[in-house]
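Below, each chain spelled out in residue letters.
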Amino acid sequence: MKHPVRYAALILLALGGVGLVLRRLLYSLALDEKHLLPLNHPLETLLWVLTAAAAAAVLAVSFRTDKNLALRTGRGLEQAVGHLMMGLGMVLTVLGNPAKLPGAVGIAWQVLGYLAPVCLVLAGASRGTGKQVHFLLHLPTCLFLMVHMVNQYRTWSAEPQPQAYVFALLGCVGLTLFAYYCTAFDVAMGNSRMYVGAGLASLYLCTVNLARTEYPLLYLGGIAWVATDLWSAAFLPEPREPERTAQDDPA
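Now for a look at the structure at hand. Just so you know, these numbers come straight off a predicted model, no measurement behind them. (Residues numbered from 1 in each chain as written. Predicted model: local features only at pLDDT ≥ 70, side-chain atom pairs only at ≥ 80, totals over all residues. Heavy atoms only, no water.)

Let us now look at the packing of helix H1 (residues 4-29) against helix H2 (residues 42-63). Between H1 and H2, the shortest axis-to-axis distance is 10 Å and the interhelical angle comes to 165 degrees. Judged on the interaxial angle alone, H2 and H1 are roughly antiparallel. Handedness of the H1/H2 crossing: left-handed. Taken together, the residues of H2 that come into contact with H1 (itself represented by Ala-8, Leu-12, Leu-15, Val-18, Gly-19, Leu-22, Arg-23, Leu-25 and Leu-26) are Leu-43, Glu-44, Leu-46, Leu-47, Leu-50, Ala-54, Ala-57, Val-58 and Val-61. Its residues placed into classes, the contact of H1 with H2 shows 15 nonpolar, 1 polar and 2 charged. (Axes fitted to C-alpha atoms, helices over the stretch in contact; angles between N-to-C directions. Helix = DSSP H or I, 4+ residues; strand = E, 2+ residues; numbered from the N terminus. Parallel < 35°, antiparallel > 145°, perpendicular 65-115°, else oblique. Left-handed = near helix turned anticlockwise from the far one by under 90°. Contact = heavy atoms within 4.5 Å. Nonpolar A, V, L, I, M, F, W, Y, C, P; charged D, E, K, R; others polar.)

In structure tokens form, the structure reads like this:
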């Protein structure tokens, strides 16, 4: 298979689409008068089985990827578009929603929500033209996603059922790890196995989360960013120093 990551990305998106439908049906048909889901509903069972299958696919592809490969993203308009869509998702999320927490966390969420998109667009422009991305351009996105999870902590912890927040939480974790490994590759310290695994997991989790989320634009942007990045990625062996021979040794 010439492009296993590409095929895997398409499969995880397809599985995520099925999961989105199952989760939408679950909340449309199974909620009781207290707006809670019954235990062991068939639709929920199917969703967890599907999620287990997606997890197995992610592990199978990521563990087949050598972690010591260098990332080459090449050049292409799709990467610039993906970065732009993630940037738009972040800034529109901050513009359309107040911070959940007051004080430093809320301020950091808003500031990073405006800073990270600008940096991400610049990173996308560099990727699109085949230039090396400065690590400070991907780093703010990683920080924003981390702060976003802290900002959502009270909302998620107040939910009585994990089904209400687990895909939002894990999807955000996946995007955070993906942003982290993009930053790591910018300084030639990336792990291709984790990059692929975090990206594929994000595609499934974020797609399923679209069935019921407070921040659809953020997760849609994340899907577009990860999908275009994985689609364009190629992995090369790390350059090695030439082996020294007896002739190379000084007399």
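The next point concerns the packing of helix H3 (residues 77-96) against helix H5 (residues 135-151). Relative orientation of the contacting elements H3 and H5 amounts to 40 degrees, with a least axis distance of 12 Å. Viewed along their axes, H3 and H5 adopt a mutual orientation that is oblique. Of the two possible hands of crossing, H3 and H5 adopt the one that is left-handed. Judged by residue contacts, His-83, Met-86, Met-90 and Val-94 of H3 engage His-138, Thr-141, Phe-144 and Leu-145 from H5. For the contact of H3 with H5, a count of residues per class yields 5 nonpolar, 3 polar and no charged.

A word on the packing of aromatic side chains. In total, this model carries 6 aromatic pairs according to the counting rule given. Ring plane angle 85 degrees and centroid distance 5.1 Å describe the contact between Phe-178 and Trp-225, whose orientation is recorded as edge-to-face. Pair noted here: Phe-178 is in helix H7 (residues 166-186) and Trp-225 is in helix H9 (residues 216-232), with a separation of 47 residues, a long-range link. Both residues of the pair, Phe-178 and Trp-225, count as buried. Here the aromatic cluster, defined as three or more aromatic residues joined through ring pairs, consists of Phe-178, Phe-185, Tyr-195 and Trp-225. (Phe/Tyr/Trp six-rings, centres within 6.5 Å; stacked < 30°, edge-to-face > 60°. Buried < 20%, exposed > 50% of the residue type's maximum accessible area, 1.4 Å probe, protein only.)

This next bit is on the side chain of Gln-152. Tracing the backbone shows Gln-152 in the loop between H5 and helix H6 (153-157). Once residues within four sequence positions are removed from consideration, Gln-152 is found in contact with Lys-100, Glu-214 and Tyr-215.

As a further point, take a nonpolar patch on the surface. A grouping of Leu-84, Leu-88, Leu-92, Leu-95, Tyr-114, Val-121, Leu-217 and Leu-220 is seen on the molecular surface, where their side chains present a nonpolar patch of about 700 Å² in accessible area. Where the nonpolar patch is concerned, the elements lending two or more residues are H3, helix H4 (103-128) and H9. Looking at the nonpolar patch element by element, the count peaks at 4 residues for H3. Locating Tyr-114 in the fold gives a position in helix H4. Under the relative-accessibility criterion, Tyr-114 is labelled partly exposed at 41%. (Patch = residues over 30% accessible without salt bridge, like charges linked within 9 Å, V, L, I, M, F, W, Y side chains within 5 Å. Areas by Shrake-Rupley, 256 points an atom, 1.4 Å probe, with all protein chains shown as cover. Salt bridge = Lys/Arg side-chain N within 4 Å of Asp/Glu carboxyl O.)

Before going further, it helps to spend a moment on the nonpolar core. Judged by nonpolar contacts, the single largest core of 59 residues is most densely connected at Phe-144, Tyr-195, Leu-200, Leu-203 and Tyr-204. Those elements that provide at least two residues to this core are H1, H2, H3, H4, H5, H7, helix H8 (192-209) and H9. Examining the composition of this core, we find that 10 residues originate from one element, H7, more than from any other. Beyond its immediate stretch of four places on either side in the chain, Tyr-204 contacts Leu-12, Leu-15, Gly-16, Leu-47, Leu-50, Thr-51, Ala-54 and Phe-167. (Core = buried A, V, L, I, M, F, W, Y, C linked by side-chain atoms within 4.5 Å.)

One can find His-83 in helix H3. At 2.9 Å, the side chain of His-83 forms a polar contact with the backbone oxygen of Gln-79. Dropping the residues within four chain positions of it, His-83 is found in contact with Leu-120, Ala-123, Gly-124, Arg-127, His-138, Trp-225 and Asp-229. (Polar contact = N/O pair within 3.5 Å; in protein donor to acceptor, adjacent residues only side chain to side chain.)

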